[in-house]
Amino acid sequence: MTVDGEHVYYSVCERLDDLWEFRRWIADMVDSGCPVGSDSETSGLDWYSPTFRVRLWQFGTERAAWVVPVELGPQFMEAVAWALRVLPNLVYQNGTFDALVADRHLGVPIEEHMPKITDTRIVAHLTDSRQDFEGGVGLTLKSLAAHYVDPTAEDPQKALQAEFRAAGGNQSTGWSLIDLFNPEYLRYAALDPVLCVRLLPRLLERFHAEGGREALIPYEHQLAVVCAKIRRRGMRVDPEYTSGLVGRLVNQKNKYETLAARYGVVSVNSPKQVAEALMAMGERLTERTAGGAVAVGKEVLLPLADLDGNWERLNTRKPNPLADAVLRAKRAGKWSTSYAEAMLTNRDAADRVHPDLNPLGAQTGRAAVSNPPLQQLPSKGWMIRRCVVADPGEVYFSVDQAAVELRVLAALSGEQKMKQAIADGKDLHGFAAEMMFGPDFTKPQRTLAKIAGLGTAYQGGAATLAKQTGQPVDVMRDTLNRYNRAFPGIRRWANWMQRAAMTDGAVLTTVTGRRLHLDRDRLYKVVAYACQSTARDTMGRALIEMDDRGLTPYLTGWIHDEVVGTAPRESAQEIAEECAEAMRMDLLGVPLDTDCEVTGPSWADGYGLPQEWAYGANQ
């Protein structure tokens, strides 16, 4: 191959005899101590599936690579496992996936493998976390290599797609169908580790030139190990309940689609039909999509149905029955396919699902959970969570940071009145309501104070908050103005942050040293970025502390400011309290407190689960 104007040679182990030369090459790399790129080619992404296959494993330096067809048999597999164990300095792109594959299929534990990995995606995210469509370089190996290594490099994946089609597959299925020794497949496989090992020093050079904080690199790699362990354990599914839920959700979807049809909406997925029907009912729709069409997305329909983001009544208007029906039909359909059916399809042989937990899922560094997208579940919903149950003799527990958004906001802004309220142990939303509306504030006014606080932390303007809550824009504008008068230190800090970011080329440097690139036309988001990123880093530090205390084997998930897990019933409270202790910390003089709760044998037990649906109630 030719990479950046230089010839790169790759060798393929075709016979058992070839493994001797491969092992000699690996031994030379061990002696040299130089970084070695690595990558795997597999039958798919479901590394936990009984039908999953490891097909190839590759190793490479800047000018040479080896491809080992693991699928040929145990001797080839053992040679790769040995190489992963003895090589001291490995470079991957998105190495967590390969580490999970090696753990489950090659017998190389995460604990042994991942501490030796430098992940180019992690370094790229710390250098510039924007995707290419956001004005950054991007975070894929293809986009990074094109920018930092070889802008003129060919894209072997294009040729590979043609080979997939020739093998009777497509972009998803071709990986398992293509012939093991297809030349385009081998060429594609050999290139990635070479690109990784060439990319890393150039990324690091850019990271240091940007003024990146060195300590963030080992921190993010430690956190990646913790998240890989959580993914490896996974969550146990109750197949009987989940199968029944699929049927109930389909029935619910049909019910609300029938109701929507009474208003002339044949398809709830047709924005045009929904918009025309709502306007015929007298609703005034002012939002527009990027293409100029009338917007009828979830954020528009929820207030019309008199529902907030957690699907609870706002009691601000008479619910529109069509908006309500469209929302519920679409939610039932999504829950059926994205959650219930996905859990049944994606469970392993032990009835466990292993959601993708990406600790760097957002531009701010905030973690993301997908497959299934557990972070999108309503904060008070039990129906989907009931699919997930503890092992026999164990119960679920949860630990979360208490009012972390406002505590982080108080710490970063230095707002003295809010910091004093935290020190005095006051209810922050009630305290804010008193400052805004007086000591005789009402429950709705406390709700407005809460919305204003969270909106300030995440920079939701009056119009945005009005859409989210169903409140008139002028009410939300008055609420935000009251909040700013009550806590003037926050506004002063926000203005200073915007000026500092503009001075630094529209870049925010957080208190933890993370550098985040901002849109020059949306510098007002600097507060949201600072709060979200800092809160995420407090959770990251807490997870590493839990791992140091040996608590990770109990964890099953990390979602926003909360961790969930299972433990033996007799020791669950003690373990939950130790997790809470690990999460408790001080941020710039503001204590970040925690709440912990031990619930029951299903994840839903802490979410208002009706007794008739309790795990084991019908067994």
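**Q** Is there a simple way to think about the packing of helix H12 (residues 271-280) against helix H14 (residues 321-346) in this case?
**A** Relative orientation and spacing of two packed helices are given, respectively, by the angle between their axes and the distance between those axes. Where H12 contacts H14, the axes come no closer than 10 Å and their chain directions differ by 160°. Comparing their axes, H14 and H12 come out roughly antiparallel. Residues Val274, Ala277 and Leu278 of H12 lie in contact with H14, whose contacting residues are Leu322, Ala323 and Val326. Residues of the contact of H12 with H14, tallied by class, amount to six nonpolar, no polar and no charged.

**Q** Help me understand the packing of aromatic side chains, please; the structure alone is not making it clear to me.
**A** Per the counting criterion, the structure on display carries eight aromatic pairs. With a centroid separation of 5.7 Å and an interplanar angle of 45°, the aromatic rings of Phe22 and Phe59 are classed as tilted. Taken together, the positions of Phe22 in helix H1 (residues 18-32) and Phe59 in strand E5 (residues 54-60) put the pair 37 residues apart, joining distant regions of the chain. For the pair Phe431 and Phe487, a centre-to-centre distance of 6.1 Å together with 45° between the ring planes defines the contact as tilted. Residue Phe431 is found in helix H17 (residues 428-437), and its partner Phe487 is found in the loop between helix H20 (473-486) and helix H21 (488-503); the two are separated by 56 residues along the sequence. As far as the burial class goes, Phe431 and Phe487 line up, both buried. The rings of Phe22, Phe59 and Trp66 are connected pair by pair, giving a single aromatic cluster. The aromatic ring of Trp82 is capped on one face by Arg23, whose charged end is 4.9 Å from the ring centroid. The residue whose ring lies beneath Arg331 is Trp335, and the NZ or CZ to ring-centre distance is 4.4 Å.

**Q** Help me understand unusual backbone geometry in this model?
**A** A negative phi angle characterises most non-glycine residues, just as the trans form characterises most peptide bonds. Residue Pro372 is bonded to the preceding Asn371 through a cis peptide linkage, with omega at 0°. A positive phi angle is found at Asp4, which is not glycine, with a value near 55°. Structurally, Asp4 can be placed in the loop between strand E1 (2-3) and strand E2 (6-7). Its location among the elements puts Asn371 in the loop between strand E12 (368-370) and strand E13 (388-389). Owing to a relative accessible area of 31%, Asn371 belongs among the partly exposed residues under this scheme.

Cut-off values and rules
- Along every chain, residues carry numbers that run from 1 in the direction the sequence is written.
- Local features in this predicted model are restricted to residues of pLDDT 70 or higher, and side-chain atom pairs are both shown and tallied only at a pLDDT of 80 or more, whereas totals for entire chains, interfaces and linings draw on every residue.
- Side-chain metrics rest on all non-hydrogen atoms present in the structure, leaving aside hydrogens and water.
- Note on definitions: angles span 0 to 180 degrees between N-to-C directions of axes, and those axes are lines fitted to C-alpha atoms, for helices only across the stretch in contact.
- Secondary structure follows DSSP: runs of H or I at least 4 residues long count as helices, runs of E at least 2 residues long count as strands, and numbering of each begins at the N terminus.
- Note that the term roughly parallel is reserved for angles under 35 degrees, roughly antiparallel for angles over 145, roughly perpendicular for angles of 65 to 115, and oblique for everything else.
- We call two residues contacting when some pair of their heavy atoms lies within 4.5 Å.
- The residue classification treats Ala, Val, Leu, Ile, Met, Phe, Trp, Tyr, Cys and Pro as nonpolar and Asp, Glu, Lys and Arg as charged. All others, Gly included, are polar.
- Any Phe, Tyr or Trp ring, taking Trp's six-membered ring, that has another such ring centre within 6.5 Å forms a pair; planes under 30 degrees apart are called stacked, those over 60 apart edge-to-face, and the others tilted.
- Remark: exposure states derive from per-residue accessible area (1.4 Å probe, protein chains only) relative to the maximum for the residue type, with buried under 20%, exposed over 50%, and partly exposed in between.
- Charges are assigned to positions over rings by a cutoff of 6 Å between ring centre and Lys NZ or Arg CZ, combined with an angular limit of 35 degrees from the ring normal.

Purely geometric numbers; function is a separate question.
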